[in-house]
Each structure stands twice: as structure tokens, then as C-alpha cells.
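Tertiary structure, described
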There are 2 protein chains.
Amino acid sequence: MSNTNHKVLRIGLAGLGTVGQGFIKLLKLNNDTIALKSERSIILSAVSAQNKMKERSVSLEPYRWEEDPVKLATSHDIDVFIELIGGTDGIALEAVKAALNAGKDVITANKAMLAHHGFELSQLAESQNLCIRFEAAVVGGVPVIKALSEGLAGNKLNRICGVMNGTCNYILTRMENQRLSYKSVFNEAKKLGYLEADPNLDVGGIDAGHKLSLLSSIAFGTQVDFNSMEIEGIDRITIEDIEQASDMGYRIKLLGLSQLTDDGLEQRTQPCLVPRYSPLGQIEGATNLVALEGNFAGKIYLQGPGAGEGPTASAVMSDVIDLARGIRIPTFGQKVATQKKVSAINSASEAPYYLRFELIDKPGILAKIASSLGSANISINRMRQYGHSSEVAPVIMLTHKTTPTHINRAINEIELSGVSTIKPLAIRIEED
Amino acid sequence: MSNTNHKVLRIGLAGLGTVGQGFIKLLKLNNDTIALKSERSIILSAVSAQNKMKERSVSLEPYRWEEDPVKLATSHDIDVFIELIGGTDGIALEAVKAALNAGKDVITANKAMLAHHGFELSQLAESQNLCIRFEAAVVGGVPVIKALSEGLAGNKLNRICGVMNGTCNYILTRMENQRLSYKSVFNEAKKLGYLEADPNLDVGGIDAGHKLSLLSSIAFGTQVDFNSMEIEGIDRITIEDIEQASDMGYRIKLLGLSQLTDDGLEQRTQPCLVPRYSPLGQIEGATNLVALEGNFAGKIYLQGPGAGEGPTASAVMSDVIDLARGIRIPTFGQKVATQKKVSAINSASEAPYYLRFELIDKPGILAKIASSLGSANISINRMRQYGHSSEVAPVIMLTHKTTPTHINRAINEIELSGVSTIKPLAIRIEED
């Protein structure tokens, strides 16, 4: 049971990387403000990390050191366990379960863990009258989780859409601004330490997908379902795609989108073309933006730094202060038993598409393409075949509105026919 | 005392205009969602308005009618009093005080009342362990109050800046998009019913100022202080100003800005030039945007419809659900006794300015202007004297960074000298 009646809220913190150190700095630097808002003393009782002796930007002297994060999670001298270790399974998950079983509220930034295990963890928390809070898991210090689960609590949500991975957005905007290839920017980012140990988590769209699955659960009152998500990363995007899109008034963004229809829940993370001057089109560098659409509130946009020491620590602290103030809400905004079980369905709604082919430069090839598109009921809005010196002719098309099913049918047929030297690239155009 | 332990939360609603009717619609339409999130039954027990027989878009049949809002506010069959009457003083204030004295929590959308009486009302609420909630008072359904008082609770706030009056923004964007005069758009808006009974509340910058004063109190932990605010409306802005600004890469917006410095609290609401492609520069029509800057979170932007039946009802409902969930926070985010008493100071920070003169077309006049600017230590970045057929020469200047004090000194001197046929117009340029 949590100890909301005591004057002191005691924290155990596992994970002392960037965010963990940021949290410690924040607790010290803004201590007066935090105490005023919480109306309680917030004490960091104990810490744990993989490597005690690692060089850090904060001193760990004031805190009890605990070698084992699972032992920390169940310590008698903490009320709240903060998990900043990371990782889908493994020690983070084990420690969080241990904390809940030992009666501790949990705060985490671990979107991967929650995307895969969030449902069972929320059941465990609820059975113990405990809270799992995760503002820091999505869009840094921008209070998106709070906006969705509290600020828009009176709404039925229509749709969520966002740019939620700063690495992908950084890469795409740098490619565009510097006119560099994907490979150059990727290697540059790697050298600068901007990429995770497993970069595919970011550029493969998986991280953005994790975040989207959590938002969807809250927004639509459905069980967290990451496994059914359609995911496509940014590694096929070329500088030519970016420049062609730009020429036509669009920018390319990795978007996470979800909506609940009568047929089921659509969730997808994929590169999309968006109008240059739309809110999503304006997002530069590592900034994130989430658009939430409620049936009474209308369309709300929340934007800010998506990651980093300061922003993520700020989000963790807002969860701490919420708990200190006695704010106790179910993990995904409503009791587990009330969550809807829905079918996961592939996106079916219509949109225009950007298509890129690299065609064998022979007579009749374009006719083949046109024919495949025609039989898939896709009509062409714009087309551009631009000059080339090789035997391969790059062709760009913008279609009129069509469905993913039709596009996939056309693409598969074209790929099988062998007229395109690459698998045709199809990027959905999201106009609003 | 509030009744957080009961299964039912009973509401009394005074004020059945647009927002009141919107709230009733929302309560009916989204009833299932609201019940799931609140984990309680939300019942509208009684309603009150000035005119019972007025034609409305909702039926009042299901609710007990109370003629007198003060009696409603103290009724035994309500736990929470929702004040949607409006107005700084008068019956709204009287009813809210009565509700608090009778042990009811209060929800309001009344920014004018809170701007003038918020401090004393928060003292009264606190003395009774009651809550006053006002998400609906600022930026419609966008949860700005919640973002500031909870989501950014761990931060020290550096600055707040926003476009917070939809009427002003609608007028300015319509002037620009349709190339119309201020007077034309104003009259058009009046005819369409877009303006308040007292339009000066909007176009005079007062409404935006009310909202800013509430945000400042929460952000900086200071007592609400509307009276010290520097306020300037949009009624001097001409289509020529808008077009000149546009030509130079700027748009004109009514901004509310506040920051707490070592010398005191700066609060101002005034038209400003902002870069066209900045977040503030992108805001069209009646959309609002607020930028919050925290020392750990960084710069957060929240954007959405600033007013209207749906958005404002959504905000009122989020306050209802918060109370139903047992979320109880001091009115302005911290205990009244802990709020800082600070001096209100005029803005002192430097910025470039846009200046417009209408000069008597004689030799030596421009020299006089340049001389006045020079003795006020203002240097000119750009200047434009454009062709004219009358005896008056319109001159536009952009200055380098200077302070409001210096600008005011130069303007006063120029005005006194009689060389400009109008009081020179100075619009601050806010670059970020």
C-alpha cells in the first residue's frame, strides 16, 4: 500500500544513465519548487545501476547504493520505485514486477517494456491498488499522457497522429536541409553518438510504435497491443524522395497514427508525406509533435523536445509530484476490466500515395505500370519521369485517393513483373 | 467538505449559454466514457440561468430548475458548483463565494472574475479545503492549466508566451488573407455574431490579459496580478502594417507574454511581429497557442481551438472528472501562503521594433525622426518610405534591439515635435 499520508515520499531509482542523472540534478536544483508543489518532502533514498564506478555528472554519495535493482525495488526505505534501466524484458521488467508485488508505486520511462507487457503490469498494479506512471515514456517533458488521460478524459477520441521519434526526424530533416543521403546522415549521427546501441529501434520505426501503442490504449480504452501494429521505418527514403516531395509541397515524416473504427483498431507507424506548412510538416530536428483529436475538444497539438536529459527528467518528476499529491489513476486511464477487446485491423482508409519506381528503360514499361495501377483501381494525379544517365528510369507518381490494399496489390504485381529494378516505394500522403 | 467517498458526484450548473449547453450535450453524449474514467456517476442535479424560457439546443426537463444561482450554489443536492455565467463581478462572483462558503468545490470558465478576484477566492477555497478549477478559462479544450500546474510542476518556468484570444487572431488573419481593413473585418465579425457584447474586451487585449494573469500566477508562484499588466489592443493595426510586416517575413499577432526576473514580474499583452514560420506565426483564425518554457522541460507548445461550445465544455468536463477522481490541487498550484509577493515591473528586455510614422512631407522631417531615435540610442536596421499621393509620407522602420523605455522616449519626443500626423506606432518584434 502506498503511504500518501506521510510527510515524506521516498524514492528508489534504478538506472543512472542520462535520464537518471537528469532526475537527480532536477531534484537538487528545483528542490524548493518541487516541495511547494508536492506539499511533501521528496527524498531519494537509494539508487542502483549496472556500474557504480562509471563517471557521471552527479555525485551518488548522498544515496544508499543498492547493487541489485530488484532488491532496491522491494526495499523498506522506498515508497515509489523509478525504473530508468530500459529494455523490453530482463531486469527492468523483473524489478518493476517486484516493486508492484512489494506494494510500491512505479514510475517508468520504458516504452518498450510497457508496449509488450503493459497490460499484464497494469493488471498487477490494479490488483494491488498501485499506480504505474509513464509520462516520460512518450515525448519527453511534453505532458502528452496527462493531456490524453486527464485533459481529454471527457472526450471520445477520434484519432491520434504524431512525430514521436526524434532520431528519425533528425535524420530526415538533416537529409533535407543539407541535401545528404540517408547513409551519410546515419553514419554522421552514429559518430556523434545520437543513435541507440541498436539503431533499428529508432530508424525501423519500432520506438515510435511502442509509444503509439501506449497512447492508443489510453485514447481508445483498448488493451495495449503493440504486436499487431503495422510498422515501416525510414531506411528506404532517399534524398531524391525528400526533394521530389519538397518540390510538390510536402515533407517526409515518420508518423505514428491510430484510430478506432467500427471494424477495429488501426495502428501504423510509417513514413508519410505531409504538407510542408501543416503542424506536422513544421517539425525540425529532434522535436516531437502529437495531434490528439477529441469529439468535443477538437484537434489539439502538443509539441516539444522529444527526449534528452532535461525533458525526460521533467516528465519523471511530474509523475513523482502527482503521486505526492495523491493523484491516483489507473495505468491506462480506466480500470483494466473495462478496456475494450477489439480486433486489430490493417489500415483501410483512403489517401493519396507517392510512388517511386526505378524502371527498366525500355518501350512499353510505363504502359505496364499504368496497367497494373489501373487494374488495382488506382488513378494517377501527377507523374514525373526525370532525366537519367543509366539504364534505369526513375519515375515518381502521386496517385489520387486509394486504399493500402489497392496500393499493395499494384506494387506486388509490378514487383513480380520485373519492370522495376527496385521494389516500388509507396509513401502515404497524410493531408491533415 | 467535498464528498469524494460517494459513488455519485452531483453537479449544479449556473449559466446555460453556449458553454453550459455544450456541457449538457457532452454529459449525455459521452456518458459511458465519462463514467469509465471517473469511476463514479456524474449527475447534473440542478441548473440555473437568467432566462428559463430562452430557446436552447438542449432540453432542461431532466434537471431541477433553480431561479437564483446563489441558491443553486448552496443547494443540498450538489457537491460541485459550475459557474458559466461570466462577468467580473456581480452574480457570478456572488454565487462562487456562496458555493465555497457552503462547502462546494467550484469549476468555472470565468477568466475575468479570476483575474480580478482569483487571489481572494483561492484563499477562501483553501480555508475550506475546497478546489477551484478553471481549465475552461484558458484556451478552450487544450489542457494548458493542467500542463502548467501538473505536467511542468517540477520545473522553474522561464517564460510564458501565447496567442490566447481567438477574436483578435481571427481579425488579424482575415485582414491579411482577404486584404481588408481593420474596420471592415471588425464590422463583418460583428454582423456574424463573432464579437462579445463589449468587443473591447477582445480587441482591446483585455481578455488575453485576463488569461495571461492566471497562467503567470501558476507558472511563477506569484499572486494573480491583472491590474499591473501592460495592455495594448489591436485596433491601431492597419492592413498596411500587416502587409509591410509580411513583406519582411513577419506576421502580426496579439501576444500575451510574461516572465519573472530578478527585478520583478513582467506581464504584457500587445500586438507583436513574429516570424512567419515560427509556431506563433502559423496560428490561423480562432486557433490559440501557448508556449511554456521550463528549465528542464524546455519549450513546450500547446495548440488548439481557443473557444467554442465543444472545446470549452471538454475543459469543464476534465475538471469534473478530476474532482470525481479525487484530484485536489490548490487553485494556483501551490498553497496561497507560499505564493511570492513580487513587484510588477514594466518590460525591460530588448527587442527590435517595427515603427510606423506618417510624416508631414517636408524637407528635414526625416532628419528629425532620425535624430530623435538617435538620442534615444535606437539604431535603424531597415527603413522604407513608400510612395504616396497625399501630403503625408508613410515611413516604416525596423530598429535594432532596444528597450521599451527607449522606444517610448523616442515616440513621445517625435509625437511632441509634431512631425508625424499620427502618434507613431511601435510594434515589438518577438523573434522566438
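Reading the values: rules and limits
- Residues numbered from 1 in each chain as written.
- Chains lettered and ligands numbered in written order.
- Predicted model: local features only at pLDDT ≥ 70, side-chain atom pairs only at ≥ 80, totals over all residues.
- Heavy atoms only, no water.
- Helix = DSSP H or I, 4+ residues; strand = E, 2+ residues; numbered from the N terminus.
- Rg over C-alpha atoms; globule rule 2.2 N^0.38 Å.
- Areas by Shrake-Rupley, 256 points an atom, 1.4 Å probe, with all protein chains shown as cover.
- Lys, Arg positive; Asp, Glu negative; His and termini not counted.
- Charge placed at Lys NZ, Arg CZ, Asp CG, Glu CD.
- Pairing = 2+ DSSP bridges.
- Contact = heavy atoms within 4.5 Å.
- Axes fitted to C-alpha atoms, helices over the stretch in contact; angles between N-to-C directions.
- Buried area = accessible area lost by both parts, 1.4 Å probe.
- Salt bridge = Lys/Arg side-chain N within 4 Å of Asp/Glu carboxyl O.
- Phe/Tyr/Trp six-rings, centres within 6.5 Å; stacked < 30°, edge-to-face > 60°.
- Buried < 20%, exposed > 50% of the residue type's maximum accessible area, 1.4 Å probe, protein only.
- Least-squares fit on C-alpha atoms with pLDDT ≥ 70 in both.
- Polar contact = N/O pair within 3.5 Å; in protein donor to acceptor, adjacent residues only side chain to side chain.
- Disulfide = S-S within 2.5 Å.
- Right-handed = clockwise from strand over helix to strand, strands pointing away.
- pLDDT = per-residue confidence, 0-100.

On to the overall build of chain A, then. Looking only at helices and strands, one finds 14 helices and 16 strands in chain A. In terms of overall size, chain A behaves like a compact globule, its C-alpha atoms giving a radius of gyration of 24 Å where 432 residues would be expected to give roughly 22 Å. A principal-axis box enclosing the C-alpha atoms of chain A has dimensions of 80 × 45 × 35 Å. In the form shown here, chain A has an accessible surface area of approximately 16,400 Å², with 48% of it arising from carbon and sulfur atoms. In chain A, 44 positive and 48 negative side-chain charges are present, and the distance between their average locations comes to 3 Å.

All names here are of chain A. Spatial ordering of the open sheet is given by E3-E2-E1-E4-E5-E6, a layout of 6 strands whose pairing is parallel. Of all the strands in the sheet, just strand E3 (64–65) and strand E6 (132–133) have a single pairing partner and so form its edges. Here strand E2 (residues 41–48) pairs with E3 via 2 bridges, running parallel. Each residue of the ladder has a partner; that of Val47, found in E3, is Trp65. Contacting strand E1 (8–14), E2, strand E4 (80–83), strand E5 (105–108) and E6, helix H12 (residues 309–324) crosses the sheet at an angle of about 160° to E5.

A few words now on the interface of chain B and chain A. With 56 residues of chain B at the interface, the matching set in chain A holds 55 residues. Together, the buried faces of chain B and chain A total about 4,400 Å²; carbon and sulfur atoms form 55% of this surface. Contact with chain A buries area across many residues of chain B, yet Lys37, Phe296 and Arg325 of chain B alone supply 15% of it, more than any other trio. One can count 6 salt bridges joining chain B with chain A. Between Lys146 of chain A and Glu150 of chain B there is a salt bridge whose closest N-O contact spans 2.6 Å.

Residue and element names in this part refer to chain A. The final tally for this structure, using the stated rule, is 7 aromatic pairs over all chains. Considering the side-chain rings of Tyr170 and Tyr194, the 5.2 Å spacing of their centres and the 85° angle between planes classify their relative orientation as edge-to-face. Here the residue Tyr170 occupies a position in helix H7 (residues 166–178), and Tyr194 occupies one in the loop between helix H8 (182–191) and helix H9 (200–203), the gap between them amounting to 24 residues. Of the residues examined, Tyr170 reaches a relative accessible area of 17% and is grouped as buried. Relative accessible area serves as the criterion here: at 45%, Tyr194 is assigned to the partly exposed category.

Another point: the relation of the copies chain B and chain A. Overlay of chain B on chain A (RMSD 0.0 Å): rotation 180°, translation along the axis 0.0 Å. Taken together, the rotation angle and the small translation identify this as a two-fold axis. Relative to the rotation axis, the closest C-alpha in chain B is found at Leu302 of chain B, a distance of 2.4 Å. The fraction of interface residues of chain B whose copies in chain A are also interface residues reaches 98%, indicating that both copies meet through the same surface.

Residue and element names in this part refer to chain B. Its place among the elements puts Ser228 in the loop between helix H10 (206–220) and strand E8 (230–231). For Ser228, a relative accessible area of 34% translates into the label partly exposed. Once the C-alpha coordinates of Ser228 and Ala73 are considered, the two residues, 155 residues apart in sequence, prove to be 32 Å apart. Polar side-chain contacts of Ser228 include one of 2.6 Å to the side chain of Asp225.

Successive side chains on a regular strand alternate, one facing one side of the sheet and the next facing the other. All names here are of chain A. Counting buried residues in strand E10 (residues 264–275) gives 12 out of 12 residues, a clear majority hidden from the surface. Across 2 bridges, strand E8 (residues 230–231) lies against E10 in parallel orientation. In the strand pairing of E10, Glu230 is matched with Arg268. Relative to E10, strand E9 (residues 250–261) runs antiparallel, the two being bridged by 12 bridges.

Counted according to the given criterion, the structure contains 54 salt bridges over all chains. Note that Glu66 of chain B and Arg64 of chain B form a salt bridge whose closest N and O atoms lie 3.1 Å from each other. In this structure, Glu150 of chain B and Arg133 of chain B form a salt bridge, with 3.9 Å as the shortest nitrogen-oxygen distance. Taken together, the residues Glu150 of chain B in helix H6 (residues 144–151) and Arg133 of chain B in strand E6 (residues 132–133) connect sequence positions 17 residues apart. Pair check on accessibility: Glu150 of chain B and Arg133 of chain B agree, each one buried. Beyond isolated ion pairs, a larger network of salt bridges with shared partners links Arg133, Lys146, Glu150, Asp319 and Asp322 of chain A together with Arg133, Lys146, Glu150, Asp319 and Asp322 of chain B.

Residue and element names in this part refer to chain B. By the element assignment, Ser420 lies in the loop between helix H14 (404–417) and strand E17 (425–429). Note on Ser420: relative accessible area 9%, which makes it buried. Within the structure, the side chain of Ser420 is placed 2.7 Å from the backbone oxygen of Ile422, a separation counted as a polar contact. Discounting residues that sit within four places of it in the chain, Ser420 has contacts with Phe357, Glu358, Leu359 and Ile414.

Tallied over the entire structure, the rule returns 0 disulfides over all chains. The thiol sulfur of Cys131 of chain B is not disulfide-bonded, and the nearest other cysteine sulfur, from Cys131 of chain A, lies at 18 Å. Its relative accessible area of 3% is what places Cys131 of chain B among the buried residues. Unpaired in this structure, Cys168 of chain B has its nearest cysteine sulfur neighbour in Cys272 of chain B, at a distance of 12 Å. Among the residues examined, Cys168 of chain B registers a relative accessible area of 0% and is labelled buried.

Residue and element names in this part refer to chain B. The side-chain alternation of strand E5 (residues 105–108) yields two buried faces, one formed by Asp105 and Ile107 and the other by Val106 and Thr108. Across 4 bridges, strand E4 (residues 80–83) lies against E5 in parallel orientation. The residue of E5 that forms the bridge with Ile82 is Ile107. A crossover connection joins E4 to the parallel E5 through helix H4 (residues 91–101); in handedness this β-α-β unit is right-handed. Direction of pairing for E5 relative to E6: parallel, over a ladder of 2 bridges. Bridged to Ile107 within E6 is Arg133. Handedness of the crossover joining E5 and E6 through helix H5 (residues 111–127) is recorded here as right-handed.

Right, let's get into the sheet that holds strand E1 (residues 8–14) of chain B. Across the sheet, 6 strands lie side by side as E3-E2-E1-E4-E5-E6 (chain B); this open sheet has parallel pairing. Of all the strands in the sheet, just strand E3 (64–65) and E6 of chain B have a single pairing partner and so form its edges.

Turning next to the confidence of the model for chain A. Interpreting fine coordinate detail is not advised for predicted regions of low pLDDT. For chain A, per-residue confidence averages 94 on the pLDDT scale, and residues scoring 70 or more make up 99% of the total. Across the interface, the model reports ipTM at 0.94; the global pTM reads 0.95.

Here we come to the environment of Thr405 of chain B. Residue and element names in this part refer to chain B. Relative to the helices and strands, Thr405 is located in helix H14. In this structure Thr405 comes out as exposed when scored by relative accessible area, which is 53%. For the pair Thr405 and Gln50, spaced 355 residues apart in sequence, the C-alpha to C-alpha distance is 47 Å.

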